[in-house]
Amino acid sequence: MDSECKSQLHERVPVIDFEGFDGPNREKIRREIAEACESWGFFQLCNHGLHQDLMRRVKDVSKEFFYLPEEEKMKVKVKPGVIQGWSHPSLAASASKLTANSTEYYHNLFKPLREDVVPLNPPTFGITWIEYAEQIQALAENVLALISESLNVPSDTLTKRMRGPTDSPYLANKVNYYPPRKDTVDPLGVPSHSDPTAITFLLADDEAGLEVKKDDKWMPINPIENAFIVNVGDQLEILSNGRFPSVDHRGLPSKNPEHERLSLAIFYSANMKCVVGPLEELLDESHPPLYSACTFEEYMAKFAARGLDGKTGIASRQIKQE
Ligand SMILES: O=C(O)CCC(=O)C(=O)O
Ligand SMILES: [Fe+2]
């Protein structure tokens, strides 16, 4: 285990060592993940087994894309009514609620793949991201198995539910590029929101900038090199019937005005056609459903229309208890 993995203070987002999750350490790691998801909705995951070379390549290819001239990136820009593609605050076309006040980013769907907005430049962008997304899917499903076990249901419950009848989950990326503050008149970030999806794996560069709302205060996360910052999203809050709440967070540029910042997220969620509601296994007379069900497609459509706005998406699905 790397030393940084051990040395985090307790008031920080929990740091979890994934080594041995499929062997002797499974029960310990399962408990740590459940505790982190209940108390923070966030944790950093070390020794997760993903190749560092792939993590470096996906960062490199993403930076290369953002450094391209605007006319090249315009080839894959977001179009009205569509959320995938390249978005920049200066684009009139990106002035949707979702993209307003957000820094430059690229967002795409990998399951099922949306080919029309995969950039051809840099040429390895598409294949690198596809390879990376596949690896993250496997890791996410290993983490979801432990979360299922914490809910006292079989290990494959959450992934089966989210893969749905076509046996494929929703898998999307979002790469945020925050230019150095000194280069911009109005440095933008990613406004406060909870992720509408189920679980997010974020790879950050060395720059801090992600903040999590904890007890009504914004707490910064200092990224550990080669760790993933994992967080609970709205669909997992619904599926777990509120046991694992999604958490409000925001992305800021680097504090150092000379430094750029890059964050790379993979969102794992339910297949668009899946109806998502609390797992039936968790419900009985004394545990009624706390959220109403809807397809993930419907949830995302409302999210896109509303934009990033704290936890308002999930609040609208809460069932008032008598
Ligand atoms: O930039 C970050 O660290 C966070 C970005 C984020 O939360 C998102 O894109 O959903
Ligand atoms: Fe987010």
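Residues numbered from 1 in each chain as written. Chains lettered and ligands numbered in written order. Predicted model: local features only at pLDDT ≥ 70, side-chain atom pairs only at ≥ 80, totals over all residues. Heavy atoms only, no water.

## Looking at the UniProt feature "domain: Fe2OG dioxygenase" (unreviewed entry) in the chain
Summarizing the sequence annotation, UniProt attributes the feature "domain: Fe2OG dioxygenase" (unreviewed entry) to residues 165-270 in the numbering used throughout. Taken end to end, residues 165-270 has its terminal C-alpha atoms 11 Å apart, with 6% of it in helix and 42% in strand. (UniProt positions renumbered as here; feature names shortened; annotations may be inferred. Helix = DSSP H or I, 4+ residues; strand = E, 2+ residues; numbered from the N terminus.)

## Description of empty space enclosed by the protein
Per the stated rule, a full pass over the model turns up 2 cavities of 30 Å³ or more. Roughly 370 Å³ of volume is contained in the largest cavity. Contributing to the lining of the largest cavity are 29 residues, with Lys174, Val190, His193, Asp195 and Phe267 lying nearest its centre. Going through the elements one at a time, strand S4 (104-111), strand S5 (170-178), strand S6 (190-193), strand S7 (199-204), strand S11 (249-251), strand S12 (261-269) and helix H8 (296-306) are the ones with two or more residues in the lining of the largest cavity. When grouped by side-chain class, the residues that make up the lining of the largest cavity number 15 nonpolar, 10 polar and 4 charged. Empty space within the second largest cavity amounts to approximately 60 Å³. (1 Å grid on protein atoms, 1.4 Å probe; cavity = no way out; pocket = protein on both sides within 12 Å on 5 of 7 lines; lining within 4 Å. Points joined across faces, edges and corners; volume = space filled by probe spheres on them. Nonpolar A, V, L, I, M, F, W, Y, C, P; charged D, E, K, R; others polar.)

## Overview of the state of the cysteines
Tallying each qualifying case throughout the model produces 0 disulfides. The thiol of Cys294 is unpaired, and the distance to the nearest cysteine sulfur, on Cys274, comes to 11 Å. Residue Cys294 is classed as buried on the basis of its relative accessible area, which comes to 6%. (Disulfide = S-S within 2.5 Å. Buried < 20%, exposed > 50% of the residue type's maximum accessible area, 1.4 Å probe, protein only.)

## Digging into the site of ligand 1
Around ligand 1 sit Lys174, Asn176, Tyr178, His193, Asp195, Leu202, Leu210, His249, Arg261, Ser263 and Phe267, and that is every residue in its neighbourhood. Arg261 is positioned such that a nitrogen or oxygen atom in its side chain is 2.7 Å from an oxygen atom of ligand 1. Computed on the free molecule, ligand 1 has an accessible area of 300 Å², of which 97% lies beneath the protein chains in the complex. A molecule is said to occupy a pocket when more than half its atoms come within 2 Å of that pocket's grid points, and by this definition ligand 1 occupies the largest cavity. When contributions to the shell around ligand 1 are tallied by element, the ones reaching two or more residues are S5 and S12. Taken together, the residues that form the shell around ligand 1 break down as 4 nonpolar, 4 polar and 3 charged. (Near = heavy atom within 4 Å. Polar contact = N/O pair within 3.5 Å; in protein donor to acceptor, adjacent residues only side chain to side chain. Areas by Shrake-Rupley, 256 points an atom, 1.4 Å probe, with all protein chains shown as cover. Sits in = over half its atoms within 2 Å of the grid points.)

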